[in-house]
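Understanding the architecture of this molecule
Residue-level listing of the chains:
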Amino acid sequence: MKKAFTSFPILMVILFNQAFSQNQSNMYFSGEMNSWGATSMTRNDLGTDTWYVTIQSDGADGSSEFLFRDNNSNYDNKWARGATATIGSKTTWYAGGGNSNFNESNTKYYTFITKDVADGANSEGYVFEFSQTPVSISSVSNVGNGRASTAYTVTVGLSGTPDGNERVYIRYTTDNWSSSSLVEGDPSSNSIGINIPGQSSGTTVIYYAFTSITGISNSDADLATISFDNNSGNNYSYYVESGSLTISGTAGFRMLSTP
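Let me sum up the structure you'll find in this document. Keep in mind that this is a model prediction, so the values were computed, not measured.

Conventions used here
- Residues numbered from 1 in each chain as written.
- Predicted model: local features only at pLDDT ≥ 70, side-chain atom pairs only at ≥ 80, totals over all residues.
- Heavy atoms only, no water.
- Phe/Tyr/Trp six-rings, centres within 6.5 Å; stacked < 30°, edge-to-face > 60°.
- Helix = DSSP H or I, 4+ residues; strand = E, 2+ residues; numbered from the N terminus.
- Buried < 20%, exposed > 50% of the residue type's maximum accessible area, 1.4 Å probe, protein only.
- Pairing = 2+ DSSP bridges.

Here the focus is the packing of aromatic side chains. For the coordinates displayed, the defined rule picks out 19 aromatic pairs. On the basis of an interplanar angle of 20 degrees and a centroid distance of 5.8 Å, the ring pair of phenylalanine 29 and phenylalanine 66 is categorised as stacked. Taken together, the positions of phenylalanine 29 in strand β1 (residues 28-31) and phenylalanine 66 in strand β5 (residues 61-69) put the pair 37 residues apart, joining distant regions of the chain. Comparing phenylalanine 29 with phenylalanine 66, the two get one shared label, buried. Geometrically, the ring pair formed by tyrosine 207 and tyrosine 236 is stacked, given 5.7 Å between the ring centres and 25 degrees between the ring planes. Of the two residues, tyrosine 207 is situated in strand β17 (residues 204-213) and tyrosine 236 in strand β19 (residues 236-241); the sequence distance between them amounts to 29 residues. Looking at tyrosine 236, the relative accessible area reads 12%, which means it is buried. Each member of the aromatic cluster is reached from another via a ring pair, and the members are Phe29, Phe66, Phe68, Trp93, Phe102, Tyr110 and Phe112.

A few words now on the pairing of β1. Residues Tyr28 and Ser30 of β1 are buried on one face, and the alternating residues Phe29 and Gly31, pointing to the opposite face, are buried as well. Bridging between β1 and strand β2 (residues 39-40) involves 2 bridges; their strand directions are antiparallel. The residue bridging tyrosine 28 from the neighbouring strand is serine 40, located in β2.

Function cannot be read off these values alone, since they describe shape.
Encoded structure:
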């Protein structure tokens, strides 16, 4: 007798590799300012991932040398300029390059930024100079819907009054980040109101706040960011309503109101 063939469903498990934008698990600053130690850098998780750190000067040095590395115990993977880095200007950090240097002034604070890249790839970034530690963003307002063709004010709270060279920006989009724009604000205290220009009714505006130096372009916003608040990755948003007046109520007594 032939045995009956019983078919069993075959469970196929397909594993997908999840793509992550982060290339390095850690980054460190090493230079004359920290006696060539390994000062851990902080990752900014934006459209362009970066690493940054702020260090106070240890004295005046016309050619203070430094580099970035991804290991705190060796220099197998490092990035540097091999030449002078101009303060406040975007520069290239070469994979395996010779030491960078910059003009260090005593008592100043320096923020170093490097783009997160894979081993062997060139990076880019900035050196910023401040008279104090850069401020951080403590709050961002989201006050409801906007009105057509009327500026929408976003109030940004800060951890303190910024250095004269530090600025607060609102970055916003009306097409879900296919394009975006910046509005720069110059705070004189620990809070500033920044106006997003008026938009057409029916538009949804998405935005977040960040700090950097003055004059940053929209294309370099991620790379130049120091502190930011994007609502834990969800961003802030508002809907633009019509700004026309409507009349409501019964005959004889009417109330004027905006819709």
